[in-house]
Amino acid sequence: MKTVHGEENWLSWMDDISENDYVVVDQFLPQDLYEKVRSFFLSKLNSFTEAGIGANADNQINTKVRGDFTYWLDRKRDTELEPFWFLVDEIVHMFNRYCYLSLSGYEFHLAHYPSGGHYDKHLDQFEHRNNRMISVIMYLNENWQPGDGGELEIFEKDGSNFLVEPLAARCVMFKSATVPHAVLEAHKSRFSLTGWLLYQPSALGKFFG
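## Side note on the overall build of the protein
And step 1. The number of helices and strands found in the protein is three helices and 11 strands.
And step 2. Element order for the protein, N to C, with α for helix and β for strand: α-β-α-β-β-α-β-β-β-β-β-β-β-β.
And step 3. Burial status across the protein gives 47% buried among its 209 residues.
And step 4. Long-range contacts, defined here as pairs at least 24 residues apart, represent 79% of the contacts in the protein between residues at least 6 apart.
And step 5. For the protein, the accessible area works out to roughly 10300 Å², and carbon and sulfur atoms hold 47% of it.

## Here's the deal with the layout of surface pockets
And step 1. Estimates place the volume of the second largest pocket at around 240 Å³.
And step 2. In this structure, the second largest pocket is lined by M1, K2, T3, V4, P30, D32, L33, K36, P83, F86, L87 and E90.
And step 3. Elements supplying a minimum of two residues to the lining of the second largest pocket: α2 (31–43) and α3 (82–99).
And step 4. In terms of residue count, the dominant contributor to the lining of the second largest pocket is α3 (four residues).

## Looking at the sheet that holds strand β6 (residues 132–139)
And step 1. Here seven strands make up an open sheet; going across it, the order is β1-β9-β6-β11-β4-β3-β2 and the pairing antiparallel. Looking at which strands have only one partner, the edges of the open sheet turn out to be β1 (22–25) and β2 (49–50).
And step 2. Looking at chain direction, strand β4 (residues 103–113) and strand β11 (residues 190–199) are connected through 10 bridges and run antiparallel. What sits directly across from E107, in β11, is W196.
And step 3. Running over the sheet, helix α1 (residues 7–20) touches β1, β6 and β9 (171–175) and is turned about 140 degrees from β1.
And step 4. Contacts from α3 reach β4, β6, β9 and β11, with the element oriented near 130 degrees to β4.

## Details of the nonpolar core
And step 1. By size, the foremost hydrophobic cluster in this structure holds 43 residues, and its most contacted members are F28, L73, F84, F95, M138 and M173.
And step 2. Elements with a contribution of two residues or more to this core: α1, β1, α2, α3, β4, β6, β9 and β11.
And step 3. Ranked by the residues each element gives to this core, the list is headed by α3, at 10 residues.
And step 4. Y119, Y139, L152 and F174 belong to the second largest nonpolar core, which has 14 residues in total.

## Topic: the pattern of salt bridges
And step 1. Enumeration according to the criterion identifies 11 salt bridges in this entry.
And step 2. A salt bridge links D68 to R66; the nearest nitrogen and oxygen atoms lie 2.6 Å apart.
And step 3. Accessibility expressed as a relative area gives 1% for D68, which makes it buried.
And step 4. You can call R66 buried: its relative accessible area is 12%.
And step 5. Taken together, the shared-partner salt bridges in this structure form one network comprising D21, K157 and K175.

## Considering the environment of V172
And step 1. Looking at where V172 falls in the secondary structure, it is placed in strand β9.
And step 2. Remark: the alpha-carbon pair of V172 and I137, spanning 35 residues in sequence, is separated by 5.2 Å.
And step 3. Apart from residues no more than four positions distant in its own chain, V172 is found in contact with V23, V24, S135, V136, I137, Y139, L152, I154 and V164.

## Focus on the confidence of the model for the protein
And step 1. Residues of the protein with pLDDT of at least 70 account for 87%, and the chain-wide mean is 89.
And step 2. Long-range and interchain partners of residues 201–209, a stretch whose pLDDT sits below 50, account for 19 contacts in this model, where long-range means more than four residues apart.

## Observations regarding unusual backbone geometry
And step 1. Non-glycine residue Y100 carries a positive phi angle of around 55 degrees.
And step 2. Positive phi values are uncommon outside glycine, yet A169 reaches one of about 75 degrees.
And step 3. Among the secondary structure elements, A169 is positioned in the loop between β8 (161–164) and β9.

Thresholds applied
- Residues numbered from 1 in each chain as written.
- Predicted model: local features only at pLDDT ≥ 70, side-chain atom pairs only at ≥ 80, totals over all residues.
- Heavy atoms only, no water.
- Helix = DSSP H or I, 4+ residues; strand = E, 2+ residues; numbered from the N terminus.
- Buried < 20%, exposed > 50% of the residue type's maximum accessible area, 1.4 Å probe, protein only.
- Contact = heavy atoms within 4.5 Å.
- Areas by Shrake-Rupley, 256 points an atom, 1.4 Å probe, with all protein chains shown as cover.
- 1 Å grid on protein atoms, 1.4 Å probe; cavity = no way out; pocket = protein on both sides within 12 Å on 5 of 7 lines; lining within 4 Å.
- Points joined across faces, edges and corners; volume = space filled by probe spheres on them.
- Pairing = 2+ DSSP bridges.
- Axes fitted to C-alpha atoms, helices over the stretch in contact; angles between N-to-C directions.
- Core = buried A, V, L, I, M, F, W, Y, C linked by side-chain atoms within 4.5 Å.
- Salt bridge = Lys/Arg side-chain N within 4 Å of Asp/Glu carboxyl O.
- pLDDT = per-residue confidence, 0-100.

As structure tokens, this is what we get:
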């Protein structure tokens, strides 16, 4: 398949996520794709809805825990983003190829954290729905500066924590079920494209062994 990123890059990123449970990649979105996605994001801001916590019937709004607004993407509807969907196909293919995962789908949304928005420490896995395997976040914030807030806080296995600045075109990928994380309070609007690679419960392979 035609890919955006080369095999050497993917091998390095897979090594990082296998060893550390997460990987941070700068300039993951090529400039033309970044501009397309950000333009689409801005065009849909009026259609965003307040995000809740929990899945399906358990979903509820709790602004003390989470303060962002989301717009869920649909590949059949959002055809303007076809180059992005091809990149998603590449991501799924590479995880299946190099990490022996049984990824069978994905779900993505746009996320807007207004000033004051945050998300407390959590895992990207629901109690009664455990098919999220890899979390993927791509940032769309131009001219982000220290002090703007909105950093992704990753809690590492040794008890330490690591802050990821939400820089334009940067991507973070991590194991959904094992990497606790939080979004620190944003001091201005924070934009991201966030999603999860999904699996069927059989044959998880050595990646999670």
